[in-house]
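Residue-level listing of the chains:
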Amino acid sequence: MNKFVKLPLFLATVALIAGAALASVNYFTLPIITLREQMALDAGYLELLEIDESKYASLNRVPESGTIAAAAELSAKGIIDYVMYENKSDDSLFGIVYNGLVSGHKNNTIVFQVGFKGGIFAGYNNVSNQETPTYGGVYLNDLDDIITGLPADDEAAFLTALNQYKTDNSLSVTNTERNLVPALWAAASHYISLLEDAS
(Lines give C-alpha, C1' and ligand atoms only; values in the text may rest on other atoms or scores of the structure.)
Protein backbone atom coordinates (compact mmCIF):
# COMPACT_ATOMS: atom_id res chain seq x y z
CA MET A 1 0.00 0.00 0.00
CA ASN A 2 1.07 3.53 -0.67
CA LYS A 3 2.62 5.60 2.16
CA PHE A 4 0.21 8.40 1.36
CA VAL A 5 -2.69 6.10 2.22
CA LYS A 6 -1.18 4.28 5.24
CA LEU A 7 -0.12 7.41 7.18
CA PRO A 8 -3.54 9.15 7.09
CA LEU A 9 -5.23 5.81 7.91
CA PHE A 10 -2.87 5.29 10.86
CA LEU A 11 -3.37 8.86 12.12
CA ALA A 12 -7.15 8.56 11.79
CA THR A 13 -7.12 5.29 13.78
CA VAL A 14 -4.96 6.82 16.54
CA ALA A 15 -7.22 9.91 16.69
CA LEU A 16 -10.32 7.70 16.90
CA ILE A 17 -8.87 5.61 19.75
CA ALA A 18 -7.64 8.70 21.64
CA GLY A 19 -11.03 10.41 21.20
CA ALA A 20 -12.87 7.33 22.46
CA ALA A 21 -10.55 7.09 25.49
CA LEU A 22 -11.01 10.78 26.29
CA ALA A 23 -14.80 10.51 25.96
CA SER A 24 -14.80 7.51 28.32
CA VAL A 25 -12.72 9.32 30.93
CA ASN A 26 -14.97 12.39 30.64
CA TYR A 27 -18.09 10.23 31.02
CA PHE A 28 -16.86 8.74 34.30
CA THR A 29 -15.31 11.89 35.79
CA LEU A 30 -17.96 14.47 34.85
CA PRO A 31 -20.25 13.75 37.87
CA ILE A 32 -17.28 14.01 40.26
CA ILE A 33 -16.09 17.25 38.66
CA THR A 34 -19.62 18.72 38.76
CA LEU A 35 -19.98 17.75 42.44
CA ARG A 36 -16.66 19.39 43.35
CA GLU A 37 -17.49 22.55 41.40
CA GLN A 38 -20.82 22.91 43.25
CA MET A 39 -19.07 22.26 46.56
CA ALA A 40 -16.56 25.02 45.80
CA LEU A 41 -19.41 27.44 45.07
CA ASP A 42 -21.11 26.40 48.30
CA ALA A 43 -17.96 26.48 50.48
CA GLY A 44 -19.40 28.92 53.05
CA TYR A 45 -22.64 26.98 53.33
CA LEU A 46 -20.87 23.64 53.63
CA GLU A 47 -18.45 24.92 56.27
CA LEU A 48 -21.26 26.28 58.46
CA LEU A 49 -23.19 23.02 58.27
CA GLU A 50 -20.04 20.85 58.55
CA ILE A 51 -20.80 19.02 55.31
CA ASP A 52 -17.92 17.07 53.79
CA GLU A 53 -17.82 15.39 50.37
CA SER A 54 -19.23 12.07 51.62
CA LYS A 55 -22.15 13.80 53.39
CA TYR A 56 -22.72 16.13 50.41
CA ALA A 57 -23.50 13.12 48.21
CA SER A 58 -26.44 12.20 50.49
CA LEU A 59 -28.01 15.68 50.36
CA ASN A 60 -30.07 17.70 47.91
CA ARG A 61 -29.35 21.42 47.68
CA VAL A 62 -32.49 23.54 47.42
CA PRO A 63 -32.41 25.25 45.03
CA GLU A 64 -29.87 23.30 42.97
CA SER A 65 -28.07 26.56 42.19
CA GLY A 66 -28.58 30.13 43.28
CA THR A 67 -30.55 30.98 46.41
CA ILE A 68 -34.12 31.41 47.67
CA ALA A 69 -35.05 35.08 48.05
CA ALA A 70 -36.10 35.97 51.58
CA ALA A 71 -39.75 36.82 52.19
CA ALA A 72 -40.65 40.39 53.17
CA GLU A 73 -40.56 39.78 56.94
CA LEU A 74 -37.04 38.32 56.76
CA SER A 75 -35.88 40.89 54.26
CA ALA A 76 -37.03 43.70 56.55
CA LYS A 77 -34.67 42.33 59.24
CA GLY A 78 -31.66 42.12 56.89
CA ILE A 79 -31.85 38.53 55.65
CA ILE A 80 -31.32 38.58 51.87
CA ASP A 81 -31.70 34.95 50.86
CA TYR A 82 -30.98 31.38 51.93
CA VAL A 83 -30.06 27.87 50.82
CA MET A 84 -31.44 24.62 52.25
CA TYR A 85 -30.00 21.12 52.25
CA GLU A 86 -32.38 18.16 52.43
CA ASN A 87 -31.63 14.50 53.08
CA LYS A 88 -32.04 12.55 49.83
CA SER A 89 -33.43 9.55 51.71
CA ASP A 90 -36.60 11.25 53.01
CA ASP A 91 -36.50 14.92 51.87
CA SER A 92 -36.22 16.04 55.51
CA LEU A 93 -34.43 19.30 56.24
CA PHE A 94 -30.76 18.70 57.09
CA GLY A 95 -29.73 22.34 57.45
CA ILE A 96 -30.14 25.87 56.18
CA VAL A 97 -27.84 28.86 55.73
CA TYR A 98 -29.08 32.45 55.56
CA ASN A 99 -27.18 35.31 53.90
CA GLY A 100 -27.61 38.69 55.52
CA LEU A 101 -26.59 42.32 55.24
CA VAL A 102 -27.25 44.85 57.99
CA SER A 103 -25.88 48.22 59.01
CA GLY A 104 -23.63 48.47 62.04
CA HIS A 105 -21.70 51.26 63.72
CA LYS A 106 -21.89 54.53 61.71
CA ASN A 107 -24.11 52.68 59.19
CA ASN A 108 -21.20 50.53 57.98
CA THR A 109 -22.34 47.28 56.41
CA ILE A 110 -22.03 43.88 58.03
CA VAL A 111 -22.31 40.98 55.56
CA PHE A 112 -22.78 37.59 57.21
CA GLN A 113 -24.04 34.03 56.97
CA VAL A 114 -25.76 32.13 59.77
CA GLY A 115 -26.49 28.41 59.64
CA PHE A 116 -28.81 26.04 61.47
CA LYS A 117 -29.11 22.27 61.67
CA GLY A 118 -30.55 19.83 64.16
CA GLY A 119 -32.55 22.56 65.90
CA ILE A 120 -29.46 24.58 66.88
CA PHE A 121 -27.30 27.41 65.60
CA ALA A 122 -24.71 25.62 63.42
CA GLY A 123 -22.50 28.70 63.14
CA TYR A 124 -21.90 32.26 62.07
CA ASN A 125 -19.65 33.38 59.20
CA ASN A 126 -18.47 36.99 59.20
CA VAL A 127 -18.18 37.62 55.44
CA SER A 128 -17.18 41.29 55.72
CA ASN A 129 -17.61 44.31 57.95
CA GLN A 130 -16.22 47.78 58.53
CA GLU A 131 -16.63 47.81 62.29
CA THR A 132 -13.97 49.19 64.64
CA PRO A 133 -11.47 46.31 64.90
CA THR A 134 -11.07 46.58 68.69
CA TYR A 135 -14.81 46.64 69.49
CA GLY A 136 -17.35 45.55 66.93
CA GLY A 137 -14.74 43.67 64.90
CA VAL A 138 -13.76 41.57 67.92
CA TYR A 139 -17.42 40.83 68.65
CA LEU A 140 -18.15 39.79 65.06
CA ASN A 141 -15.07 37.58 64.87
CA ASP A 142 -16.06 35.79 68.10
CA LEU A 143 -19.78 35.52 67.30
CA ASP A 144 -19.42 32.03 65.81
CA ASP A 145 -18.01 30.71 69.10
CA ILE A 146 -20.71 32.51 71.08
CA ILE A 147 -23.80 31.21 69.28
CA THR A 148 -22.76 27.83 67.84
CA GLY A 149 -24.69 25.08 69.60
CA LEU A 150 -27.36 27.33 71.10
CA PRO A 151 -30.97 26.17 70.65
CA ALA A 152 -32.57 27.98 67.70
CA ASP A 153 -35.88 28.20 69.55
CA ASP A 154 -34.63 29.73 72.82
CA GLU A 155 -34.31 33.50 72.45
CA ALA A 156 -33.52 33.94 76.15
CA ALA A 157 -30.50 31.60 75.91
CA PHE A 158 -29.38 33.39 72.75
CA LEU A 159 -29.53 36.84 74.33
CA THR A 160 -27.98 35.60 77.59
CA ALA A 161 -24.98 34.17 75.71
CA LEU A 162 -24.45 37.45 73.84
CA ASN A 163 -24.75 39.53 77.01
CA GLN A 164 -22.44 37.23 78.96
CA TYR A 165 -19.78 37.53 76.25
CA LYS A 166 -20.02 41.33 76.30
CA THR A 167 -19.79 41.38 80.11
CA ASP A 168 -16.84 38.99 80.21
CA ASN A 169 -14.97 41.05 77.63
CA SER A 170 -16.07 44.51 78.76
CA LEU A 171 -17.44 45.31 75.32
CA SER A 172 -20.01 47.92 74.41
CA VAL A 173 -21.17 47.07 70.90
CA THR A 174 -24.69 48.49 70.87
CA ASN A 175 -24.42 49.90 67.35
CA THR A 176 -22.92 46.69 65.97
CA GLU A 177 -25.72 44.63 67.51
CA ARG A 178 -28.61 47.01 66.79
CA ASN A 179 -29.55 45.37 63.47
CA LEU A 180 -27.48 42.19 63.59
CA VAL A 181 -29.11 40.52 66.58
CA PRO A 182 -32.69 40.96 65.24
CA ALA A 183 -31.53 39.58 61.86
CA LEU A 184 -29.97 36.51 63.50
CA TRP A 185 -33.09 35.90 65.54
CA ALA A 186 -35.36 36.38 62.49
CA ALA A 187 -33.34 33.69 60.70
CA ALA A 188 -33.62 31.38 63.72
CA SER A 189 -37.38 31.92 63.92
CA HIS A 190 -37.80 31.22 60.21
CA TYR A 191 -35.75 28.03 60.53
CA ILE A 192 -37.85 26.84 63.50
CA SER A 193 -41.06 27.56 61.54
CA LEU A 194 -39.75 25.35 58.70
CA LEU A 195 -39.05 22.55 61.17
CA GLU A 196 -42.53 22.91 62.68
CA ASP A 197 -44.16 22.90 59.24
CA ALA A 198 -42.31 19.68 58.38
CA SER A 199 -43.49 17.84 61.51
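Residues numbered from 1 in each chain as written. Predicted model: local features only at pLDDT ≥ 70, side-chain atom pairs only at ≥ 80, totals over all residues. Heavy atoms only, no water.

What to know about the overall build of the protein chain
Part 1 of the argument: A tally of helices and strands in the protein chain yields seven helices and six strands.
Part 2 of the argument: Here the protein chain has a C-alpha radius of gyration of 24 Å; the compact-globule value for 199 residues is 16 Å, and the former is much larger.
Part 3 of the argument: Structurally, the protein chain occupies a C-alpha span of about 90 × 40 × 30 Å along its principal axes.
Part 4 of the argument: Split into buried and exposed, the 199 residues of the protein chain put 36% on the buried side.
Part 5 of the argument: Per element, the accessible surface of the protein chain, about 11300 Å² overall, is 58% carbon and sulfur. (Helix = DSSP H or I, 4+ residues; strand = E, 2+ residues; numbered from the N terminus. Rg over C-alpha atoms; globule rule 2.2 N^0.38 Å. Buried < 20%, exposed > 50% of the residue type's maximum accessible area, 1.4 Å probe, protein only. Areas by Shrake-Rupley, 256 points an atom, 1.4 Å probe, with all protein chains shown as cover.)

Points about the nonpolar core
Part 1 of the argument: Core analysis: the biggest nonpolar cluster contains 37 residues, and Tyr-98, Phe-112, Phe-116 and Ile-147 have the highest contact counts within it.
Part 2 of the argument: Those elements that place two or more of their residues in this core are β3 (79-87), β4 (93-103), β5 (109-117), β6 (120-129), α5 (136-147), α6 (155-168) and α7 (174-198).
Part 3 of the argument: Considering each element in turn, this core owes the most residues, 10 residues, to α7.
Part 4 of the argument: Of all hydrophobic cores here, the second largest spans 12 residues; its members include Tyr-45, Leu-46, Leu-59 and Val-97. (Core = buried A, V, L, I, M, F, W, Y, C linked by side-chain atoms within 4.5 Å.)

Notes on the pairing of β4
Part 1 of the argument: Of all 11 residues making up β4, eight are buried, and the element is well covered by its neighbours.
Part 2 of the argument: Of the pairings in the sheet, the one linking β3 to β4 comprises seven bridges and is antiparallel in character. Each bridged residue has a counterpart across the sheet, and for Tyr-82 the counterpart in β4 is Tyr-98.
Part 3 of the argument: Taken together, β4 and the strand that follows it, β5, pair antiparallel across an intervening segment of five residues, in which Lys-106 is found at a positive phi of about 55°. (Pairing = 2+ DSSP bridges.)

Considering a negative patch on the surface
Part 1 of the argument: A surface patch of negative charge is lined by Asp-153, Asp-154, Glu-155, Glu-196 and Asp-197.
Part 2 of the argument: By the element assignment, Glu-196 lies in helix α7.
Part 3 of the argument: Classification of Glu-196 by relative accessible area gives exposed; the value is 53%. (Patch = residues over 30% accessible without salt bridge, like charges linked within 9 Å, V, L, I, M, F, W, Y side chains within 5 Å. Salt bridge = Lys/Arg side-chain N within 4 Å of Asp/Glu carboxyl O. Lys, Arg positive; Asp, Glu negative; His and termini not counted. Charge placed at Lys NZ, Arg CZ, Asp CG, Glu CD.)

With respect to the pairing of β5
Part 1 of the argument: As defined by bridge partners, β4 adjoins β5 across nine bridges and the pair is classed as antiparallel. The residue of β5 that forms the bridge with Ile-96 is Phe-116.
Part 2 of the argument: Relative to β6, β5 is paired through eight bridges, and the arrangement is antiparallel. Bridging across to β6, Gly-115 finds its partner in Gly-123.
Part 3 of the argument: Following β5, the chain reverses through two residues before pairing antiparallel with β6; Gly-118 in that reversal takes a positive phi of roughly 60°.

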